[in-house]
Structure formats: structure tokens, C-alpha cells
2 protein chains.
Amino acid sequence: MHVLLVEDDSTLADGISRILKSHGMAVDVVDNGSDADSILQHAEIAVMILDIGLPGIDGFEVVRRLRARGSHLPVLLLTARDAIQDRVHGLELGADDYLVKPFATPELVARLKALVRRSNPKPVEWRVGGLSLDTFTKRVRINDQPVELSVREWAVLEYLIQQASRVVSKQQIIDAILPWGEELTLNAVEVYVSRIRLKISGAGVVIRTIRGFGYMLEKEVP
Amino acid sequence: MHVLLVEDDSTLADGISRILKSHGMAVDVVDNGSDADSILQHAEIAVMILDIGLPGIDGFEVVRRLRARGSHLPVLLLTARDAIQDRVHGLELGADDYLVKPFATPELVARLKALVRRSNPKPVEWRVGGLSLDTFTKRVRINDQPVELSVREWAVLEYLIQQASRVVSKQQIIDAILPWGEELTLNAVEVYVSRIRLKISGAGVVIRTIRGFGYMLEKEVP
DNA sequence: GCAAACATGACATGAAGCTGACAAAATCCT
DNA sequence: AGGATTTTGTCAGCTTCATGTCATGTTTGC
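What this report covers is the structure whose coordinates are included nearby. It should be emphasised that the depicted structure is a prediction, and the values quoted were computed from it without experimental measurement.

## A closer look at the overall build of chain A
Tallying secondary structure elements over chain A gives eight helices and eleven strands in all. By the burial criterion, 47% of the 222 residues in chain A qualify as buried. Contacts in chain A between residues far apart in sequence, at least 24 positions, make up 52% of those at least 6 positions apart. When the accessible area of chain A is evaluated, it comes to approximately 11100 Å², of which 51% is carbon and sulfur surface.

## So, the protein's contact with DNA strand D
In the vicinity of DNA strand D lie 22 residues, with S150, T185 and Y192 of chain A together with S150 and Y192 of chain B positioned nearest. Counting only atoms of DNA strand D within 4 Å of the protein, the sugar-phosphate share comes to 62%. Within the side chain of T185 of chain B, a nitrogen or oxygen atom sits 2.6 Å from a phosphate oxygen of DNA strand D. One of the side-chain N or O atoms of R211 of chain B is found 3.0 Å from a base oxygen in DNA strand D. Sorting the residues of the surface near DNA strand D by element identifies α6 (151-162) and α8 (186-200) of chain A together with α6 (151-162) and α8 (186-200) of chain B as the ones contributing at least two each. Along the lines of polarity and charge, the residues of the surface near DNA strand D split into ten nonpolar, six polar and six charged.

## Some details on the environment of E148 of chain B
All names here are of chain B. Relative to the elements of secondary structure, E148 occurs in the loop between β9 (145-147) and α6. Placed ten residues apart in sequence, E148 and K138 show a C-alpha to C-alpha distance of 9.6 Å. Setting aside residues no more than four positions away along its own chain, E148 makes contact with E153 and K199.

## Remarks on the pattern of salt bridges
Oppositely charged side chains may form a pair once their charged atoms are brought near each other. For the structure shown, the criterion picks out eleven salt bridges over all chains. Residue E61 of chain A is joined to R65 of chain A by a salt bridge in which the shortest nitrogen-to-oxygen separation is 2.9 Å. Of the two residues, E61 of chain A and R65 of chain A are both situated in helix α3 (residues 59-68); the distance of four residues between them amounts to about one turn of the helix. The salt bridge involving E218 of chain B is made with R139 of chain A; its shortest N-O contact spans 3.7 Å. With E218 of chain B in strand β11 (residues 214-219) and R139 of chain A in strand β8 (residues 139-142), the pair connects residues from two separate chains. For R139 of chain A, a relative accessible area of 15% corresponds to the buried category.

## Some thoughts on the packing of aromatic side chains
Enumeration according to the criterion identifies one aromatic pair over all chains in this entry. Where W154 of chain A meets F213 of chain B, the ring centres are 6.0 Å apart and the plane angle is 80°; that geometry is what we call edge-to-face. Taken together, the residues span two chains, with W154 of chain A in helix α6 and F213 of chain B in the loop between β10 (205-210) and β11. Each member of the pair, W154 of chain A as well as F213 of chain B, carries the same accessibility label: buried. Across from the ring centre of F136 of chain A, 4.0 Å away, lies the NZ or CZ of R166 of chain B, which sits over that ring.

## What to know about the protein's contact with DNA strand C
Looking at DNA strand C, there are 22 residues lining it, with T209 and Y215 of chain A together with K170, T209 and Y215 of chain B nearest. Contact between DNA strand C and G212 of chain A: a phosphate oxygen at 2.7 Å from a main-chain N or O atom of the residue. Only α8 of chain A together with α8 of chain B provide two or more residues apiece to the surface near DNA strand C. Split by residue class, the surface near DNA strand C holds four nonpolar, eight polar and ten charged.

## Here's the deal with the packing of α6 of chain A against α8 of chain A
All names here are of chain A. Close contact between α6 and α8 brings their axes to 10 Å; oriented N to C, the two are set at 85°. The angle between α6 and α8 places the two elements in the roughly perpendicular class. Residues R152, E153, V156 and L157 of α6 lie in contact with α8, whose contacting residues are Y192, R195, I196, K199 and I200. A breakdown of the residues in the contact of α6 with α8 according to their chemical character gives five nonpolar, no polar and four charged.

## Focus: a negative patch on the surface
Together, D8, D9, D14, D31 and D35 of chain A give the surface a local cluster of negative charge. Looking at the element boundaries, D31 of chain A is found in the loop between β2 (26-30) and α2 (33-42).

## Things to note about the sheet that holds strand β3 (residues 47-51) of chain A
All names here are of chain A. Spatially, five strands are ordered β2-β1-β3-β4-β5 in an open sheet, and the strand pairing comes out parallel. Each edge of the open sheet is held by one strand with a lone partner, namely β2 and β5 (97-100). For this sheet the average axis-to-axis angle between neighbouring strands, irrespective of direction, equals 20°. Its contacts with the sheet place α2 against β1 (2-6), β2 and β3, and it is angled at close to 160° to β1. Running over the sheet, α3 touches β3 and β4 (75-79) and is turned about 150° from β3.

## A look at helix α7 (residues 170-177) of chain A
Residue and element names in this part refer to chain A. Looking only at α7, the buried set comprises I173, I174 and I177. On an axial view of α7, the arc spanned by its buried residues comes to 100°, and they lie on one face. Buried positions along α7 lie against α6, α8 and β11 (214-219).

Rules used throughout
- Residues numbered from 1 in each chain as written.
- Chains lettered and ligands numbered in written order.
- Predicted model: local features only at pLDDT ≥ 70, side-chain atom pairs only at ≥ 80, totals over all residues.
- Heavy atoms only, no water.
- Helix = DSSP H or I, 4+ residues; strand = E, 2+ residues; numbered from the N terminus.
- Buried < 20%, exposed > 50% of the residue type's maximum accessible area, 1.4 Å probe, protein only.
- Contact = heavy atoms within 4.5 Å.
- Areas by Shrake-Rupley, 256 points an atom, 1.4 Å probe, with all protein chains shown as cover.
- Near = heavy atom within 4 Å.
- Polar contact = N/O pair within 3.5 Å; in protein donor to acceptor, adjacent residues only side chain to side chain.
- Nonpolar A, V, L, I, M, F, W, Y, C, P; charged D, E, K, R; others polar.
- Salt bridge = Lys/Arg side-chain N within 4 Å of Asp/Glu carboxyl O.
- Phe/Tyr/Trp six-rings, centres within 6.5 Å; stacked < 30°, edge-to-face > 60°.
- Lys NZ or Arg CZ within 6 Å of the ring centre and 35° of its normal.
- Axes fitted to C-alpha atoms, helices over the stretch in contact; angles between N-to-C directions.
- Parallel < 35°, antiparallel > 145°, perpendicular 65-115°, else oblique.
- Patch = residues over 30% accessible without salt bridge, like charges linked within 9 Å, V, L, I, M, F, W, Y side chains within 5 Å.
- Lys, Arg positive; Asp, Glu negative; His and termini not counted.
- Charge placed at Lys NZ, Arg CZ, Asp CG, Glu CD.
- Pairing = 2+ DSSP bridges.
- Arc of directions from axis to C-beta.

This is the structure:
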């Protein structure tokens, strides 16, 4: 999960960054509004922590532009203790929650998690041909017959079905299923695919190998 | 809608009271904890605004007693600006939100409305197979035989039964049963589940382990 | 036909889960 | 209050099984 932290006090930024990383989040830090604005338009960010008091483009403007672009990205405001007007104004502009400085770190983490959880309602079911993945029960069915998949296998198959009829490279698969920074042999992906193929044979769906490019999940054509 | 306002600063109490009334709410004002406690037990209150710093029985104690009686009444805490500990503690005890003094009136009203909206009264009884949880009496029955669960066990089982037939991760369980920001080892959840399984064996219900994902409560399939 | 790319069986490693035991904390009970 | 009892969370030891790599076999494109 990528967190964008916009904070110009570098000491505070470092502190928050460290805490979040220790909770397994990937943190991008910028210290001004225009950098934030540009990153938001180009990177995959799951949630933003935004200090109101910034030099140049201030926090309000960042939120305003973000919402103007139609984004629903959850935003957590950091405000000074006395800045009541700021909080109200921020919420009006479309921020989702705020935290008053100074705050306790568990509170920050809890609020962040809550925010992301709230804004992240996943589709319940993926289906291609006779193959269906139920994200509630984490169960895979082939023509209504349940099939047991391991975590890794689930992750790979979920990614493939989301990208159905598109070619995805092994590296893309690795990036999709691994936490940031972790690596794997490309052969590992081949092994996953092999195992998955075994388990989903008979569904009207195949994982085609596109030699030199990667894999593609698609309906079987006899 | 009846609001119970517990605030010993009469100037502030009058102000808040006036604002709320102008928004069409009925307001009961008391200036101490024991009065609050007694009103809560005898009147139909929709939401409580509670100052922490009270003479006699303080705000924490009021919340504690309220929750100990099994009530889900939404509670909005009023805390002094610096009292971070108070906020965390209050949320731990089961308050639903807090507001730092001084606050803007639109914020108070907005939060209050949000709180009431959010507090949808839960069904009194959950039932899956031969297992039933009565959220009012906090009692668990297996085929009408009462079973004793501890508070934690109750909390976990309640969450599991609410999410029946869905996989919930250990972290989700922790987030669901613990107050904001508190943490636990994931192993603790394993222990809870282990203990609960012992106690509910024989109901037509099992807590399945979905390795790598979490747990799922569902009807037993022999 | 040959090399590169892919497939897959086999294996060691360790991650995930379970549970009995225990110390600390909370609660109950005079 | 304070002693007894229950609850709670962590740990350690153990089992099970998923995981990732390797070695070796197979396919594919040129």
C-alpha cells in the first residue's frame, strides 16, 4: 500500500515515515503542494496524509485539485491544534478525516487503516467462463465445484483474472503479488502458473503462454 | 432526537444547548457524571455529548458504565486540546468520536449527525446453525443450552458471526474487537479461536481456518 | 536442429497455525 | 480493602503444509 505523505517539517516527516514503514506501508514523502499534485497524477497512491500548512500551493489547494480531477482518494489532514477553521474548511473541500497535531502514533495508524478500508470496497466476484473467484470466501470455483488454492496461487489467479485477455509479464505478476521491494525468480511465476493450471483444468479457461512476453488468461477456444 | 449533554461549564453548556436546539434536537443537560449515569438508565437518549473533565464521576467512568451495561449508545467526547491521552483512553472505553475544545459549531453538529446516522441499531440476535448470540443479554446458546464466554471470546465470536461465510483476517478481527490504535499479536487471535472452538463444539457451526487468509464461520458440512 | 524459453517433479526450508502452560491483569466476592 | 478467581495475552514446542529453488525434461521459434 502506497502512502503519500505531504509534510514540510522534515523531522516530523521522517518520524511518520518510519512509523508507517514499520507497519508495512510504502511511503512517498514530498514537502510541498506542487510536488504532491504532480505525484498524485502519475503514481498509484492508496491514501494521502496532508499537512495543511505548506509553502506555495497549500494543502487546501491540493485537495481541491484532487477532487476537481474526480479522484476519491482518501485524504487525512494534519492540522495545528488551534486551526478549527482549517479542519472545517478541509472537510468541506473533501478531505475524509483529520488529525490534530500532536497526535499519538497508534491513532495515526488506526485512522489510516480505517480510511483505506472504508474507501476500498472490492468487487465481490470475478468470473470468466466456468471459473469464478469469490473475494469474500477466498474460494475458487470451477462450475460451482470448490477448489482450494494457496495464498500465492490465489494472488496470481486474481491478478490474471483481473487482467483477463491481456498479456501480463512475469515481472508484472511479481510486482502485483509481492509487497514492495521483495523479489522473486521469474521461474517462481512459472511454477505458480503450473500449479494453478493443474487446479483449474476443466474450467472453460486457460492460462496461455505468450512466449517471450508472459501469460494471458482467457476463455478456452477448442 | 434526544441529546444528553454532560458539561459542567454552564456557559459552554448553554451555548451548545442553544445550537443543538436550533437544529431541532431536544437537549437534556446535566453537569455531573452521576446524574448522567442515572438519566442514561431511565430515559430514551439517542446520543450523548460528554465532557471528560467532570467533578465526581468523570466522563470515562460514565462511558465505562454505559458500555458495561451493554449499551451501544453513540458517545461524542469533548476533550481539552492537549489531552491526547484522554482521547485515546476515551475511545478505548468505547466512545465513538471526540471533539477537541474549542470547536466550531458546524463541526459539532456535523459530527453529531454522522454519529447518529452511523449507529444503526444491530439486530438483537444472531443465529447460524445451532448457535445463537443475543447481543442484548450477551448470552450465547448452543441448541438452547447456555454457554459461558469471556468478553474477548464474545467479541470475536460476534464479529465472526456477523461476517459469517466470509473470510476475515486475523488483523481484521483485531481491528474489530480492539479500541482504536491498540495492537495485539496475531497469535492472540489464534488463541481466541482455539478457545472458542472448544466452547462451541457441537453447535452445527465451525470456524474454518483458511490458511494464509484467516478464519471463516460457517455451517458445518458433514 | 539448436538455443532459449518454459514446464514440472522433487525437495529443504520455514511460514502459518494450534494449543498447553504461565504470568500479569482484571474482576469478583466477601 | 484484600484475597480468590477468572480472564487475557504471550510464549514455546510442535505439526502441517505452502513456498521457492533446482534439476531436468519439454516446447517453441528461428
